Amino acid sequence: MQKTVLILGASGRFGRNAQCSFSWAGWDVRTFDRETDQLPDAAWGADLIVNAWNPAYTDWAAEVPKLTAKIIDTAKDTGATVLIPGNVYNYGSDMPALLNEQTPHRATNPLGRIRIEMEQAYRDAGVRTIILRAGDYIDTAKSGNWFDQIITAKAAKGRFAYPGNPDVPHAWAFLPDVTDMAAAIAENMDQLDTFSEICVPGFTLTGHEMADAISKVTGKAQRLNQMSWLPIQAARLFWPMAKPLLEMRYLWNTSHALTSDKLTQLLPDFQTTSLEDALAASLPENINPDGFVRRDVASLPRRLMPFNCSCGNAQTG
């Protein structure tokens, strides 16, 4: 019997990729339209709700608790499972270098506390919840994140800007892999614990290693320069986004990597995309027209469904 997923935030980076992954996996995909749809009406009949809503940092304190309460109430009414893309904010600035599902959540900064409280709300509510936790995303389209807006923005000119200590390992994940994992895990979600936290190992790279990898993919040597934070510090008085960006700066100077025995147990045969292919898919093809650079996610081999399957069966809820 075909299962149904409702994706909240379908126009965002996680939601856009989730549409493809669940469609390729044979699900009936609905997307939530904030202009016309209402929860829980849009969720009736859905087996899974993917909560890809991600307000701007400056709106987290006001919006995240309200959105969380709405989704929890909807899941209680409909019986749907909720799947949430998690991040490493919960661990805090004194996090250990190796993170897994047993690592304590000890963040004391505002954004970290909001994430901790959000996840705890789902745990306390008793609705079936899956947290799929990963590092920073490498995506196949520009989405305004650190990777495409800062780090690789001038890769075509051989300039690689890094926002932290380039010798410190940083956790990354190829987003189409993460959403493919989400679809695969959701196939057997009824067998999971009521609250399941699953980490995605992804790639762990220093700034130097990332620059070297991009050099190989593009055929253009990347000159690494550390990004200056002075403009952001100076903008604190008039740019609201500056404060949360500075709050999370520690992630670029604190060694961290994700590991997971649980993911291996759940998806023992899952084949992740290589770093070379992930980076090639993330960069504009005009960087090296003669090289192996491809940006279209549809050109990547999919592990859940045949290669020629498409996202055409996604429906707007």
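Keep in mind the model is a prediction, meaning the values are calculated, not measured.

Asks: Can you help me understand the overall build of the chain in this one?
Replies: Regarding its fold elements, the chain presents ten helices and 14 strands. A separation of at least 24 residues holds for 79% of the contacts in the chain among residues at least 6 apart in sequence. Counting only carbon and sulfur atoms, one obtains 49% of the accessible surface of the chain, whose full area is about 14400 Å².

Asks: Got a minute to help me understand the pattern of salt bridges in this structure?
Replies: For side chains of opposite charge, pairing can occur when their charged atoms come near one another. Scanning all chains against the criterion turns up four salt bridges. Salt-bridge contacts for D139 lead to R16; the nearest nitrogen and oxygen are separated by 2.3 Å. Linking D139 in the loop between β7 (136-138) and α4 (146-151) with R16 in helix α1 (residues 13-24), this pair joins segments that are 123 residues apart in sequence. Here D139 falls in the buried class, since its relative accessible area comes to 3%. According to the relative accessible area criterion, R16 is partly exposed, its value standing at 26%. The salt bridge partner of E197 is R133, with a shortest N-O separation of 3.1 Å. Of this pair, E197 sits in strand β10 (residues 195-199) while R133 sits in strand β6 (residues 129-133), placing them 64 residues apart in sequence. Residue R133 is classed as buried on the basis of its relative accessible area, which comes to 0%.

So, how was this worked out
- Residues numbered from 1 in each chain as written.
- Predicted model: local features only at pLDDT ≥ 70, side-chain atom pairs only at ≥ 80, totals over all residues.
- Heavy atoms only, no water.
- Helix = DSSP H or I, 4+ residues; strand = E, 2+ residues; numbered from the N terminus.
- Contact = heavy atoms within 4.5 Å.
- Areas by Shrake-Rupley, 256 points an atom, 1.4 Å probe, with all protein chains shown as cover.
- Salt bridge = Lys/Arg side-chain N within 4 Å of Asp/Glu carboxyl O.
- Buried < 20%, exposed > 50% of the residue type's maximum accessible area, 1.4 Å probe, protein only.

That is the geometry; function is a separate question.
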